[in-house]
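What the coordinates show
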Amino acid sequence: MSVDLIVLAGGRGSRLDGALKPAVGVAGRSLLSRVLDARGLARRVVVVGPDSARPAAGEAVPAAAWTLEDPPFGGPVAGIVAGLAALDRPAASVVAAEWVLVLACDLPWAADAARLLVPAATDPGLPASVHGLHLTDEGGRAQWLAAIYRLAPLRAAAGRLGADAHGSSMRDLLAPLTLRGIRDAAGAGSDVDTWQDVERSSALLLTEADPVAEQSDEE
């Protein structure tokens, strides 16, 4: 099974006093560099974000794998559309992936999330009628930006929105898709929105074991 990765690294960081979220440090590393730890599970990687975020990625992603929605700050749906367009740009000899992993840049445990999502997508028992899998937190909230989608249905859903993708909600984008949630008991999909989240996540990363390993032990 082939998987490509779209990392959404735009946004204004309004709850972080306007800080450039991809560059925010958590336990000594930028958020973006932590999310890019998931790249080992993907064939190609596209980061959707401003040029100012490039240093936060280090050497993980070549310049050609960067893009940005136009106009910027269009929200996650516009970012996904821009990411899909970037994946379409390579030479015709590159066969499209079957699945696309979508991760927000504010997920310190994004690689752990990916290690839950990718195997679930490869499960031979997964019906073809299921178009995507997403993490679901302990409160039952769907984490649509910690998810993996079949590329063709996601592209069709984006095309349905057309110019309305800018500012659209994830609910609008995903309405035509049949999705399945994966219980995220260990909090691999926990995000960072505030400085309090930064402190909490940093403390956990410095003191706790691998959340996915803990979840496997529980199950």
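Everything below is about the structure printed above this text.
What this report covers is the structure whose coordinates are included nearby.

Conventions adopted
- Residues numbered from 1 in each chain as written.
- Predicted model: local features only at pLDDT ≥ 70, side-chain atom pairs only at ≥ 80, totals over all residues.
- Heavy atoms only, no water.
- Helix = DSSP H or I, 4+ residues; strand = E, 2+ residues; numbered from the N terminus.
- Rg over C-alpha atoms; globule rule 2.2 N^0.38 Å.
- Buried < 20%, exposed > 50% of the residue type's maximum accessible area, 1.4 Å probe, protein only.
- Contact = heavy atoms within 4.5 Å.
- Lys, Arg positive; Asp, Glu negative; His and termini not counted.
- Charge placed at Lys NZ, Arg CZ, Asp CG, Glu CD.
- Axes fitted to C-alpha atoms, helices over the stretch in contact; angles between N-to-C directions.
- Parallel < 35°, antiparallel > 145°, perpendicular 65-115°, else oblique.
- Left-handed = near helix turned anticlockwise from the far one by under 90°.
- Nonpolar A, V, L, I, M, F, W, Y, C, P; charged D, E, K, R; others polar.

Quick word on the overall build of the protein
Along its length, the protein carries eight helices and nine strands. In terms of C-alpha radius of gyration, the protein reaches 16 Å, essentially the compact-globule figure of 17 Å for 219 residues. Burial status across the protein gives 48% buried among its 219 residues. Residue pairs at least 24 apart in sequence account for 72% of intrachain contacts in the protein once pairs closer than 6 positions are excluded. Taking the 19 positively charged and 27 negatively charged side chains of the protein as two groups, their mean positions are separated by 5 Å.

Remarks on the packing of helix α3 (residues 76-87) against helix α5 (residues 151-161)
Axis separation between α3 and α5 bottoms out at 10 Å; the angle between their running directions is 120°. Taken together, the axes of α3 and α5 lie oblique to each other. Crossing of α3 over α5 shows left-handed handedness. Residues V77, I80, V81 and L84 of α3 lie in contact with α5, whose contacting residues are L151, L154, R155, A158 and L161. Of the residues that constitute the contact of α3 with α5, the class distribution is eight nonpolar, no polar and one charged.

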